[in-house]
Amino acid sequence: MRKRHMAGLSAAVAAIAPFSAWAQEAVSPADEPPSGEIIVTAQKRAERLQDVPIAMTAIGGDLLEKNGIQSTQQLQTMVPSLVYTTNGTSAVPFLRGVGSTIGQPNAEASVATHIDGVYIGLAAVGVQDLVAVKQIEVLKGPQGTLYGRNATGGTINITTRTPRDELESEFRLRFGNYNRVDISGFVSGGLTDDLAVGIYASRNSRDSYSGNVGAADYRALGVGPVGGVPSREVDWQVRGKLNFDNSAGIQLTASLEHFKRVSVDRAAFRNLQENSVMYGPPFNQPRIIERYAAASNISQYVETEQTGAMLRAEVDLGGPTLIGISGYRDSKFHLSTDFDGTEADFLQINSFQQSEQFSQEVQIVSSSSSPVKWIAGAYYFNENTGFLPLVAYGGALAASGLYADATTGPVRTKAYAAFVQATVPLGENFNVTLGGRYSVDKKRLVGASDTFIGKEGDVIAVVEYPDDRSIWRSFTPKITLDYHIGDTMVYATYSKGFKSGAYNVGGPSPATRGPVTPEKLTSWEIGSKSEFANRRVSLDFSAYLYKFKNLQVQIFDPARSASVAYLENAASAEMYGVEASLMARLLSGLSWTTSVAWQHGEFENYPNAATFAESPLGNLPHLVDLSGARMPFTPKWVISSNLDYSIALANGGSIDAYASFYHSDAYNFDPAGKLRQRGYELVNVSLGYTFPGDRLSISAFANNVTKAHYYNQLLNGPTIIAANDAAPRMYGLALKFTY
């Protein structure tokens, strides 16, 4: 088997070689320093992107705007090894095939998300709107040393704009199809010589595309929201941020933000199953299998609300810098969805999740002039979360004399860690980086219960489950060797990642509550970063091999829980692949980036995996041996390419054109391969004019130009193969004014 693996890897390298290899896509020119260098903070210090021996992607705010990216989910079109789907609004990012189809609280994503250095725990609110973002860095591979828990596959680091002394303001307005109206803007500047403040806000709204595409016939059947009235997708966010920086070497940065979203599209699941039992006796429901048309007897929607605060303090110690990062976030989530895919009152879900988290990190970082670059620190994380409650209701429970089952499962998490990393020069061009992190995770399941409710709303029974607690310890080391030859750096890395264990809180009976054990990943990676033509061309490459232990996967088994998927451990798995990319500044104002990723992942040992078998009685539990089966969310080939051209005009204005192309091979949503996404392509374009003075610009944009159809999520239930459709073609006009 090893020979076959290496042969596949060699073939992929040979196929990608003509494209060269640049595993770090550049930020937009507007975000680059005057020298043209790209500066990142992947190793928690400011460094040139090309000097960092990590495969990563850095995307500036202007490039996000040009590509029409408004949320973290859309980042996959610019990061070929990233597959970013959703479950409601739950973030389901897979990076190089590493991820988890999270459906419940306390089971965090395998790809971590940080905003201004603060980790976001609750996956249900993990899809973040991108408001006033300066830069996003996507780090690939386990980041267990500097980023710790739940960064097994990598991390998505979002850096928001920080106010400066200079007065700055910006206003954006976008109109588009589906009656889209998006408004955003900010104003910032100095109040005193030492203090600058900024206010950043946005409001986005449009008609939902689910349930009312295809017009009156579907509304007459009751498709979509109750009454057939088209619904609006609305989200808004406001952030206040201040920056204090004095000559005594003390800098304080603080922010307070609030975000709210109401969406039908993210909650509308439709039935793809042609032979669903819901279409025959005794239900006799109309068979509606049309894109963007979700039949339902209830209003389907998801609502999320977040309040977050951050304080970052930096103190110059006369060499090293002492840094403290405090974070607080209160998140609420409510999902109302129909899980039988018809107008029948058979199985509906009301999910209420809440999370209150606090984190504190302390770092001491060596000075930039130190020959040995080092960092040491400690981390603390505290979270209270759970279903409060999760309610399954409808006729599916009638056989038990019930109408509803309300499950409550609070989980309390406390995590501690200490870490250190140092890069030591072994010669003029040779460095070794040694790092390690020791983590302790404690989780308690407290007050878990099921409340069984009758048709009249009467409480029939309450079953309380014993409290439980678990503690997990892990050491995650990292060793990197890098060698510089002119403008080329080659590197090799050995590292480990750790993802915390979790309780199955969506039906915490003794048979299902778990906990599942921590997921551990061991990684070997080699790569190179090269620059040519006075740094106008970047050519980089990376190849990796992952070995998983206790891989966490999500399964839907009606025999264990009729209303929610649960997590279980696959014994072991293996993933390997290569990534290649080319970035070139072809002419003045013209740049081109093309990236390619090839990957393969399979379960090495996964006996008795739970899946489903279709039958006249519905989708029944079925156990299979998935050893040797392909892992979910691992398209074999992914290609991303974009062209950015700004033409300066004689009058001082400019014409700005942008086009991007994204291709993904087919992949599975489930371990058994029964829920499959076909290969698809996305094309995004924009064309604009910037008036002389660079203060006013107007542009036209179109995303998903070719109307490609693909899914945000596929799930199976007792009577349904449930699909949540991704966005169709979106287009419109945008106006931007800056000062």
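Procedures and definitions
Residues numbered from 1 in each chain as written. Predicted model: local features only at pLDDT ≥ 70, side-chain atom pairs only at ≥ 80, totals over all residues. Heavy atoms only, no water. Helix = DSSP H or I, 4+ residues; strand = E, 2+ residues; numbered from the N terminus. Buried < 20%, exposed > 50% of the residue type's maximum accessible area, 1.4 Å probe, protein only. Contact = heavy atoms within 4.5 Å. Areas by Shrake-Rupley, 256 points an atom, 1.4 Å probe, with all protein chains shown as cover. Phe/Tyr/Trp six-rings, centres within 6.5 Å; stacked < 30°, edge-to-face > 60°. Lys NZ or Arg CZ within 6 Å of the ring centre and 35° of its normal. Polar contact = N/O pair within 3.5 Å; in protein donor to acceptor, adjacent residues only side chain to side chain. Salt bridge = Lys/Arg side-chain N within 4 Å of Asp/Glu carboxyl O. Pairing = 2+ DSSP bridges. Patch = residues over 30% accessible without salt bridge, like charges linked within 9 Å, V, L, I, M, F, W, Y side chains within 5 Å. Lys, Arg positive; Asp, Glu negative; His and termini not counted. Charge placed at Lys NZ, Arg CZ, Asp CG, Glu CD. pLDDT = per-residue confidence, 0-100. Core = buried A, V, L, I, M, F, W, Y, C linked by side-chain atoms within 4.5 Å.

**Observations concerning the overall build of the chain**
A tally of helices and strands in the chain yields three helices and 40 strands. Here the chain holds 739 residues, and 59% of them are scored as buried. Of the contacts made within the chain by residues no fewer than 6 positions apart, 69% connect residues no fewer than 24 positions apart. With the model as given, the accessible surface of the chain reaches about 27500 Å², and the carbon-plus-sulfur share is 59%.

**Thoughts on the environment of Leu167**
For Leu167, the location among the structural elements is in the loop between β9 (154–160) and β10 (168–176). For the pair Leu167 and Val187, spaced 20 residues apart in sequence, the C-alpha separation works out to 7.5 Å. Setting aside residues up to four positions removed in sequence, Leu167 forms contacts with Val187, Ser188, Gly189 and Tyr739.

**Here's the deal with the packing of aromatic side chains**
Enumeration according to the criterion identifies 19 aromatic pairs in this entry. Taking the centre distance of 5.0 Å and the plane angle of 75 degrees together, the rings of Phe283 and Phe346 count as edge-to-face. Remark: Phe346 occurs in the loop between β17 (321–338) and β18 (348–365) and Phe283 occurs in the loop between β15 (270–271) and β16 (301–316); sequence separation between them is 63 residues. With 5.9 Å between their ring centres and 50 degrees between their planes, Tyr393 and Tyr403 make a pair best called tilted. Within this pair, whereas Tyr393 is found in strand β19 (residues 373–393), its partner Tyr403 is found in the loop between β19 and β20 (404–425), the two being separated by ten residues in sequence. Each of the two residues, Tyr393 as well as Tyr403, counts as buried. Taken together, the ring pairs connect Phe94, Phe633, Tyr667 and Phe669 into an aromatic cluster. If you follow Arg174 out to its NZ or CZ, it ends over the ring of Phe701, 4.1 Å from the centre. Between the NZ or CZ atom of Lys674 and the centre of the ring of Phe612, over which it lies, the distance is 5.0 Å.

**Details of the side chain of Asn712**
Among the secondary structure elements, Asn712 is positioned in strand β38 (residues 711–716). Reaching out from Asn712, the side chain makes a polar contact with the backbone oxygen of Asp725 at a distance of 3.4 Å. Not counting the four nearest positions on each side in its chain, Asn712 is found in contact with Gln73, Thr85, Thr86, Tyr209, Phe669, Asn724, Asp725 and Ala726.

**Looking at the pattern of salt bridges**
Note on pairing: side chains with opposite charge can pair once their charged atoms come close. Using the criterion set out here, one finds 31 salt bridges in the structure. The salt bridge partner of Lys443 is Glu108, with a shortest N-O separation of 3.4 Å. Taken together, the residues span a long stretch of sequence, with Lys443 in strand β21 (residues 430–445) and Glu108 in the loop between β5 (90–95) and β6 (111–115) at a distance of 335 residues. Owing to a relative accessible area of 0%, Lys443 belongs among the buried residues under this scheme. Put simply, Arg161 and Glu168 hold a salt bridge, and the shortest N to O gap is 3.9 Å. A residue is classified by how much of its surface remains accessible, and Glu168, at 14% relative accessible area, is buried.

**Things to note about the sheet that holds β15**
Ordered in space as β15-β39-β38, the three strands form an open sheet in which the pairing is antiparallel. Both edges of this open sheet fall to β15 and β38, since each of them pairs with a single strand only. Relative to strand β39 (residues 721–725), β15 runs antiparallel, the two sharing two bridges. Of the residues in β39, the one forming a bridge with Asn271 is Ala722.

**Some remarks on a positive patch on the surface**
A contiguous patch of positive charge, built from Arg412, Lys414, Lys442, Arg444, Arg469 and Arg473, is present on the exposed surface. Of all the secondary-structure elements, those providing two or more residues to the positive patch are β20, β21 and β24 (468–485). Relative to the assigned elements, Arg473 resides in strand β24.

**Some remarks on the sheet that holds strand β3 (residues 56–60)**
The strands that make up a sheet pair up through hydrogen bonds in the backbone, lying either parallel or antiparallel. One open sheet accounts for five strands, arranged β3-β8-β9-β6-β7; its pairing is mixed. Single-partner strands in this sheet number two, and they are β3 and β7 (118–119). Sheet topology places β6 next to β9; five bridges connect them, and they run parallel. Within β9, the residue paired with Ala112 across the bridge is Thr155.

**Remarks on the pairing of strand β28 (residues 566–587)**
With respect to burial, β28 is a largely interior element, 17 of its 22 residues being buried. Strand direction decides the pairing type here: β28 and strand β29 (residues 590–605), joined by 15 bridges, are antiparallel. Looking at the pairing, Glu574 lines up with Glu602 of β29. From the end of β28 to the start of β29, which pair antiparallel, there are two residues, and Gly589 there has a positive phi angle of about 90 degrees.

**Quick look at the confidence of the model for the chain**
Chain-level statistics for the chain give a pLDDT mean of 86 and a share of 89% at 70 or above. Here residues 1–35 is modelled with pLDDT under 50, and outside its nearest four sequence neighbours on either side it reaches 95 contacts, counting other chains as well.

**Quick word on the pairing of β5**
Counting buried residues in β5 gives six out of six residues, a clear majority hidden from the surface. Side chains of β5 alternate between two faces, with Ser90, Val92 and Phe94 and Ala91, Pro93 and Leu95 buried alike.

**Let's talk about the side chain of Gln43**
With respect to the element layout, Gln43 can be found in the loop between β1 (39–40) and β2 (47–48). Residue Gln43 is classed as buried on the basis of its relative accessible area of 8%. Here the side chain of Gln43 touches Glu47 through a polar contact of 3.0 Å, side chain to side chain. Not counting chain neighbours up to four residues away, the residues in contact with Gln43 comprise Val52, Pro53, Ile54, Leu146, Gln421 and Lys478.

**Focus on unusual backbone geometry**
The peptide bond linking Pro281 to Pro282 adopts the cis configuration, its omega dihedral lying at 0 degrees. In this structure, Arg96 takes a positive phi of about 55 degrees despite not being glycine. Position of Arg96 among the secondary structure elements: in the loop between β5 and β6. On the basis of relative accessibility, which here comes to 0%, the residue Arg96 falls in the buried class. Look at Asn106: it is not a glycine, yet its phi comes out positive at around 75 degrees.

**Some thoughts on the nonpolar core**
If you look at the biggest cluster of nonpolar residues, it comprises 25 residues, and the most contacted ones within it are Val40, Ala42, Val52, Met56 and Leu139. Listed by contribution, the elements that provide at least two residues to this core are β3, β7, β17, β19 and β20. Once residues within four sequence positions are removed from consideration, Val52 is found in contact with Val40, Ala42, Gln43, Glu47, Met489 and Lys529. Among the nonpolar cores identified, the runner-up in size contains 22 residues, and Met78, Leu82, Val133 and Ile136 belong to it.

**Some words on the environment of Ala268**
With respect to the secondary-structure elements, Ala268 resides in the loop between β14 (250–263) and β15. On the basis of relative accessibility, which here comes to 7%, the residue Ala268 falls in the buried class. C-alpha separation for the pair Ala268 and Thr337, spaced 69 residues apart in sequence, amounts to 6.7 Å. Residue contacts for Ala268: discarding those within four places in its chain leaves Ser210, Ala294, Gln300, Ala723 and Asn724.

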